[in-house]
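The chain contents come next:
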Amino acid sequence: MLKRTPLFLIVVITGFLGLDAASSWQIDKLTNMPRVGDNFDIQNIEVMTHGQHGRNVLWDFSASGVISGIGQMRVVLRGENRIGIILDCHRTDYRVSGDTLLWTGFENRLINMADSLPAIKLSYPLAYGDSCKSDYCFKGRYATDRAVVTSGRAHVFADGCGTLILPDGDTVRDVIRVRSDYYSNVRMGAALKVGQLPADVKPEILYRQYEWYARGYRYPLLYVYEKLACEDNGNTLIERQAYSVSRHSQEYGVRNDPDNELLRQQIYSDSAEKYPYCIKTVPEGNIDNAGVQMSGDNLVIEFDYAGSETSCELVVSNTVGITCLYIPRHAVSEGRNKISIDCFSLEKGEYALLLVMGDYRLPLKFTKRQ
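These notes cover the structure that comes with them. Source: prediction; values computed, not measured.

To continue, consider the pairing of strand E16 (residues 310-317). Most of E16 is tucked away: seven of the eight residues are buried. Here E16 pairs with strand E19 (residues 349-357) via five bridges, running antiparallel. By the bridge assignment for E19, Leu-314 is matched with Leu-355.

We now examine the packing of aromatic side chains. Two aromatic rings, taken as a pair, are described by how far apart their centres are and by the angle between their planes. Considering all chains together, one arrives at 14 aromatic pairs under this definition. Here the aromatic rings of Phe-61 and Trp-212 are separated by 5.4 Å at their centres, their planes lie at 75°, and the arrangement is edge-to-face. Within this pair, whereas Phe-61 is found in the loop between strand E2 (54-60) and strand E3 (65-79), its partner Trp-212 is found in strand E11 (residues 205-214), the two being separated by 151 residues in sequence. Take Trp-212: its relative accessible area is 0%, and that puts it in the buried class.

Okay, the side chain of Asp-181 next. Structurally, the position occupied by Asp-181 is in strand E10 (residues 171-188). If sequence neighbours within four positions are ignored, Asp-181 has contacts with Arg-153, Ala-154, His-155, Leu-206, Tyr-207 and Arg-208.

Next up on the list: the side chain of Asp-38. Among the structural elements, Asp-38 can be located in the loop between helix H1 (29-32) and strand E1 (39-46). Within the local environment of Asp-38, its side chain forms a polar contact with the side chain of Arg-35, the two groups lying 3.1 Å apart.

Here the focus is unusual backbone geometry. In this structure, the amide linkage connecting Tyr-124 to the following residue, Pro-125, adopts the cis form with an omega of -10°. As for its placement among the helices and strands, Pro-125 is situated in the loop between strand E7 (111-123) and strand E8 (131-142). Although it is not a glycine, Asn-56 sits at a positive phi angle of roughly 50°. Here Asn-56 is to be found in strand E2. A positive phi is found at Asn-289, a non-glycine position, where the angle reads about 55°. Summarising the element assignment, Asn-289 is placed in strand E14 (residues 287-295).

Per the stated rule, a full pass over the model turns up 15 salt bridges. For Asp-174, the salt bridge identified is with Arg-215, shortest N-O distance 3.0 Å. Taken as a pair, Asp-174 in strand E10 and Arg-215 in the loop between E11 and strand E12 (222-231) lie far apart in primary sequence, 41 residues in all. As far as the burial class goes, Asp-174 and Arg-215 line up, both buried. Residue Asp-297 pairs with Lys-368 through a salt bridge whose shortest N-O separation is 3.1 Å. Linking Asp-297 in the loop between E14 and strand E15 (298-305) with Lys-368 in strand E20 (residues 360-368), this pair joins segments that are 71 residues apart in sequence. By relative accessible area, Lys-368 is classed as buried at 3%. In this structure, a network of salt bridges that share partners links the residues Arg-78, Arg-91, Asp-93 and Glu-107.

So, how was this worked out
- Residues numbered from 1 in each chain as written.
- Predicted model: local features only at pLDDT ≥ 70, side-chain atom pairs only at ≥ 80, totals over all residues.
- Heavy atoms only, no water.
- Buried < 20%, exposed > 50% of the residue type's maximum accessible area, 1.4 Å probe, protein only.
- Helix = DSSP H or I, 4+ residues; strand = E, 2+ residues; numbered from the N terminus.
- Pairing = 2+ DSSP bridges.
- Phe/Tyr/Trp six-rings, centres within 6.5 Å; stacked < 30°, edge-to-face > 60°.
- Contact = heavy atoms within 4.5 Å.
- Polar contact = N/O pair within 3.5 Å; in protein donor to acceptor, adjacent residues only side chain to side chain.
- Salt bridge = Lys/Arg side-chain N within 4 Å of Asp/Glu carboxyl O.

Purely spatial values, then, with no claim about function.
Have a look at this one:
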């Protein structure tokens, strides 16, 4: 069973809110809106930080330990243009309004809340640097007999883009991180009047969530949730929780799901014989005569380089875009370069190799036959 969430942290527990600086990819309604009937594996992990914001960030969660075993998130129908996201005993409700996903309520064994003014969750499309805001107010009951009102302001901001290393060591490029801040005041009592948080009332609690979206996947691959106390000298962390989503449980999105054709287009490139990450680039004359050769379990990449000494990174991916091997740094010198990669861990099949040097990307492909 997954770790139980404290009271009111449910306001951020199952929301569905990463972009390479050189990419034009963005989170959009067609390929990233939660869909009724989807379900996928998720596990509670331990993290010490949410990482940095900005361009070309490397978020490394490979050292994150697992707190609890694998559970499932499910997307269910809640009415016309309404959906629910269920994790264990928690359900968070949303409503689709045009190009906007609105958060409309949440429920677990102790609390049941519905909106009198919904909070914004996402406004599609969302690219790195975009943001959206709204006021919100929810009312309901705690432990069946106590009236509860929580109201405040929501601010959603795509604050980072770059590369994500998941807890299992898999590396994903073309990632947008979305940060959502829910400033809140909570009041309990039957006589409490429901209304928006006045402009002159200082919020008491900040519920903050970070979610990492990757090109070619409908749902985020990693979530970090934080509860902070709003104080005069800054915000103080009260609690942090994190969840990792299995990429393999989302493979329906890139294999045989007709509704996700655009996801396949994001991962594959027709001009590169349907291999992932094959982005057309101009080499500026400093790399030439590149090629790969597979000999048993050893892959050799050779190319001519004209320029000062530098380094490159190498990404090996299968045909559905899952990163299988990642070398973050390899020295490159002027003249003929020869790089060897041990591919013993790879199964037989076709693979894409992406060589990255600064803003230059060189897509190659190879086949492992044994």
